[in-house]
Amino acid sequence: MIEATALTKRYGATTAVNELTFTARSGRVTGFLGPNGAGKSTTMRLILGLDRPDAGTVLVDGVPYRELKDPLRTVGAMLDATWRHPGRTGRDHLRWLAATNGIPDKRVEEVLALVGLTSVGKTRVLQYSLGMQQRLGIAAALLGDPRVLLFDEPVNGLDPEGMAWIRQLLHALAAEGRTVFVSSHLLPEMAQTAQDLVVIGRGRLIYQGTMDGFVAQTSEHGVRVRTPHAEELRAALTGQAEFTEADGAFVVSGMDSDRIGQLAFDAGATLHELSPITGSLEQAYLDLTREAVEFATPEAVQ
Amino acid sequence: MNLLAVERIKLFSTRSPWWCALITLALTIGFAAILAGASPSDSPIAVSATQFGGSQFGIAVVMVLAALAVTTEYRFNTIRTTFQAVPHRTPALLAKAVVVGLMALVIGEIGAFGALGLAMLMRPNDGLGLHSTQDWLNVAGLGPVFAISAVLAVALGILIRHSAGAIALLLIYYLAVEELVQIIPKVGRHIHEWMPFNVANKFLRGSAVVDGPAPSDSPLSPGWALAYFAGIALVFLLVALGVAKKRDA
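Rules used in this analysis
- Residues numbered from 1 in each chain as written.
- Chains lettered and ligands numbered in written order.
- Predicted model: local features only at pLDDT ≥ 70, side-chain atom pairs only at ≥ 80, totals over all residues.
- Helix = DSSP H or I, 4+ residues; strand = E, 2+ residues; numbered from the N terminus.
- Rg over C-alpha atoms; globule rule 2.2 N^0.38 Å.
- Buried ≥ 20, exposed ≤ 12 C-beta atoms within 10 Å, placed from the backbone.
- Contact = placed C-beta atoms within 7 Å.
- Nonpolar A, V, L, I, M, F, W, Y, C, P; charged D, E, K, R; others polar.
- Pairing = 2+ DSSP bridges.
- Axes fitted to C-alpha atoms, helices over the stretch in contact; angles between N-to-C directions.
- Parallel < 35°, antiparallel > 145°, perpendicular 65-115°, else oblique.
- Left-handed = near helix turned anticlockwise from the far one by under 90°.
- Core = buried A, V, L, I, M, F, W, Y, C linked by C-beta atoms within 7 Å.

**Q** Quick rundown of the overall build of chain B? Include the residues and the values.
**A** The number of helices and strands found in chain B is 12 helices and 0 strands. Ordered by position from N to C terminus, the α and β elements of chain B give α-α-α-α-α-α-α-α-α-α-α-α. For a compact globule of 249 residues, the expected C-alpha radius of gyration is about 18 Å, and chain B comes in at 19 Å, within 12% of that figure. Based on the C-alpha atoms only, the size of chain B along its principal axes is roughly 60 × 45 × 30 Å. Looking at the 249 residues of chain B, the share that counts as buried comes to 47%.

**Q** Tell me about the overall build of chain A, residues and numbers included.
**A** The helix and strand tally for chain A stands at 10 helices and 14 strands. Relative to the compact-globule value of 19 Å for 302 residues, chain A shows a C-alpha radius of gyration of 24 Å, a clear excess of over 25%. When the backbone C-alpha atoms are referred to their principal axes, chain A occupies close to 80 × 45 × 35 Å. For chain A, the share of sequence-separated contacts (at least 6 apart) that also reach a separation of at least 24 residues comes to 71%.

**Q** I'd like to hear about the interface of chain B and chain A, residue by residue, with values.
**A** Counting residues at the interface gives 23 residues for chain B and 25 residues for chain A. Here the residues of the side of chain B that touches chain A sort into 10 nonpolar, 9 polar and 4 charged.

**Q** I'd love a proper account of the pairing of strand E1 (residues 2-11) of chain A, names of residues and values included.
**A** Residue and element names in this part refer to chain A. Strand direction decides the pairing type here: E1 and strand E4 (residues 55-60), joined by 5 bridges, are antiparallel. Residue pairing in the sheet places Thr8 in a bridge with Ala55 of E4. In the sheet, E1 pairs with strand E2 (residues 14-24) via 7 bridges, with the strands oriented antiparallel. Counted as the bridge partner of Lys9 is Val17 from E2. Hairpin connection, E1 to E2: the antiparallel pair is bridged by 2 residues, and Gly12 has positive phi, about 60 degrees.

**Q** Could you give an account of the packing of helix H2 (residues 90-100) of chain A against helix H1 (residues 2-12) of chain B, naming the residues involved and the relevant values?
**A** Orientation of H2(A) relative to H1(B), taken along the N-to-C sense of each, is 165 degrees, at an axis distance of 8 Å. Accordingly, the angle class assigned to the pair H2(A) and H1(B) is roughly antiparallel. Our pair here, H2(A) against H1(B), has a crossing hand that is left-handed. Contact residues: A:Asp92, A:Arg95, A:Trp96, A:Ala99 and A:Thr100 in H2(A); B:Asn2, B:Leu3, B:Ala5, B:Val6, B:Ile9 and B:Lys10 in H1(B).

**Q** Tell me what's going on with the environment of B:Gln182, and back it up with residues and numbers.
**A** Residues and elements named next belong to chain B. For Gln182, the location among the structural elements is in the loop between helix H9 (163-180) and helix H10 (188-193). By C-beta crowding, Gln182 is classed as partly exposed, having 15 other C-beta atoms within 10 Å. Separated by 11 residues in sequence, Gln182 and Glu193 have C-alpha atoms that sit 9.2 Å apart. Ignoring anything within four residues of it in the chain, the contact list for Gln182 reads Gly188, Arg189 and His192.

**Q** Tell me what's going on with the sheet that holds strand E7 (residues 148-152) of chain A, and back it up with residues and numbers.
**A** Two orientations exist for strands paired in a sheet by backbone hydrogen bonds: parallel and antiparallel. Residues and elements named next belong to chain A. Taken together, 6 strands build an open sheet; the order of strands is E6-E7-E8-E3-E9-E10 and the sheet is mixed. Looking at the sheet topology across the chains shown, the edges are occupied by strand E6 (75-78) and strand E10 (204-210). Taking the axes of each pair of neighbouring strands and ignoring which way they run, one obtains an average angle of 15 degrees across the sheet. Relative to E7, E6 runs parallel, the two sharing 4 bridges. Each residue of the ladder has a partner; that of Met78, found in E7, is Phe151. Those strands touched by helix H5 (residues 160-175) are strand E3 (29-33), E7 and strand E8 (179-184), and its axis lies near 150 degrees from that of E8.

**Q** Got a sec to walk through the sheet that holds E4(A)? Specific residues and values, please.
**A** With antiparallel pairing, 4 strands are arranged side by side in an open sheet as E2-E1-E4-E5 (chain A). Looking at strand neighbours, the two that pair on one side only are E2 and strand E5 (63-64) of chain A, the edges of this open sheet.

**Q** Help me get a handle on helix H1 (residues 40-47) of chain A, residues and values and all.
**A** All names here are of chain A. Most of H1 sits out of view: 7 of its 8 residues are buried. Regarding H1, the residues found buried are Lys40, Thr42, Thr43, Met44, Arg45, Leu46 and Ile47. Within two residues after H1, Gly49 carries a phi angle of roughly 70 degrees, on the positive side.

**Q** Give a detailed account of the environment of A:Arg91, specifying residues and quantitative values.
**A** Residue and element names in this part refer to chain A. Secondary-structure assignment places Arg91 in helix H2. When the C-alpha atoms of Arg91 and Leu149 are compared, they prove to be 21 Å apart, with 58 residues separating the residues in sequence. Other than its neighbours up to four places away in sequence, Arg91 contacts Val108, Leu112, Gly121 and Lys122.

**Q** Provide a residue-level description of the nonpolar core, including the pertinent values.
**A** Residues A:Ala139, B:Val62, B:Ala66, B:Ala67, B:Ala150, B:Val151 and B:Val154 are the most contacted members of the largest nonpolar core, which totals 146 residues. Ranked by size, the runner-up nonpolar core spans 10 residues in total, among them A:Val223, A:Leu233, A:Val252 and A:Ala269.

**Q** Hey, could you go over unusual backbone geometry for me, with residue numbers and the actual values?
**A** The residue A:Asp61 is not glycine, and still its phi comes out positive at about 50 degrees. Its place among the elements puts A:Asp61 in the loop between E4 and E5. You can call A:Asp61 partly exposed: it has 16 C-beta atoms within 10 Å. Phi at B:Arg161 takes a positive value of approximately 75 degrees, unusual for a residue other than glycine. Along the chain, the position of B:Arg161 falls in the loop between helix H8 (142-160) and H9. You can call B:Arg161 partly exposed: it has 17 C-beta atoms within 10 Å.

Okay, structure coming up:
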C-alpha cells in the first residue's frame, strides 16, 4: 500500500506536486495518470525518497521509504529504463543491484529468465533495444520480490506484443496481492491495465477511485439526434433539455435517449438517428485535466 | 561488506577503470624505463628518479579514474538506483571511496615497485635499491598517496557530478594552481607550503635535493605530511557526503 498525504514539492518557483493525497491499495493495479509535466515522475521520486518533499508525507506499507531496511525487498521500481551504465552487461547491472540488499546471485538469473533476457545477460546494455532495456528495468524492479511495485511509463517505446506482456505481468503481480502503481499518459493502455485510478493535473489530485467509476462519471456527453422534422423536435425540446444544432443534427444534453425518443414520437418527429455520445476515456481525461488547468491553479497558467 | 562488494562489481564491470589503471601503470613504469634508458651509463640515477612517472603523471590519471567512478554514476543515473537501494546514501558513497581508494593503492604499489624493478634490471650497476627510510617512503609511499588522491577525486566527483567539470577542475588544480600560487607576492610562498599535493610530495621525496623537480617546501615531517594530505581528502569527503545526503538525487 502507498499512502501520500498532502505531498508538496517545489523546485524554485514551480510547484511540481501540490498537496497531493492519494492511496494505492494492495492487490490492485493503480494507474497514475496525468499529462506530461503533471508531476507523476516527481511523485514517484518522492515515494522512493530520492527527492525530499517540502511538505507532507508518503508511506510505503506504513513506513517512510528511507526507514525501510533493504528497501529493494519491499519496493521495486522502474522510474526510467535508461538508468544503467551502457558499458555494463545486463547481468552485471542486476548483480550489483542485488548485492546492495543482500539478494543472492541466483535471484539475478531468475529475474533474467522471468523477463526473457537470459540469452543476452552477458551482452553490454548499449546493444539492447528499447524493449530489452525496458525488460531489464522490470527485472531490476522484481529483484527483491517486493510487495510494492512502481513503474513510470513502462510501455513507452514498446511494440504491441511488449505492451501485452507488461499488461499481463502487472495483472499477475497485483493478483498475487502486491501493490502495483503504474504511471502513464497513454489512456487506452491504462484503461486495459488499471483497476484503480489516481489522476493528477498540475501537481494536484483530480480523481481518485476505480477505473469504472471514472468512466461512468465522465462518459455522458449527450445524445445526437437527426430528424427531417427539425421544427417539431425543436419545439418539443425547448424548455425540456439543453440542446445545440449543427450540420442538421441536434446534440441534446441533460436527457437520456429513451426520453428523447418518446418526446420526438409524441411530437410526431421522425428520427433518422438517436445515438448517445459516449465520450472516450481520452475525452473524459482531457476534460478533467483541462478543468484542473483552468480553475485549480490559475496562477500556473501562462 | 555488501556495499564494498557492490562497488567492486560496479568498478570492474565497466572498461574505463581498466584503461585508466593500464595508462597509470604505463606512465609510472614507462617513465622509469625512459629515464633508465636515456641517462648516460656513467652517471647513476637515483631511486627518486625512477618514481617521477608515478608521482608526477600517474597521480593525475588515478584521479581521473576515481572521479569517473562517481561522475559516470550521475551521468547514467545509476546513482539514483544506488540511493534507491541504499536510502541513507552515506554508506554507499563511503564504500565507493574505500573501493576506489584501495584500487588506487594497489595500482600505486604495482607501479612504484614495477618502476624501481625495471630500472634495476636496466641499470644493474647503479646500486638502485631500498637502502634508506627515504627510499622506502619514495617507493612504497606512492600507493597511499594514490589512494588519498583518489578519495579526494571521489569527493570532488560527488560534489560536481559532471565528468568534464570534475576532471577539468582536478587537472587544472593539480597541474597549474599549486605552482602558480607561488607567483602571488609575499604570501604566495607561504600558501604554497600548505598546498595538498606539495605536502604529499614532502611525504614521498622528503626535502633533500636529489634531482628532477624541486623538492617540497612543506615544513611538515614526512609522517605529518601524509596525515595532512589525508586530512584534506577526509574533509572534502565529509563535505561531499553531507551534500549528497541532503540533495535531491
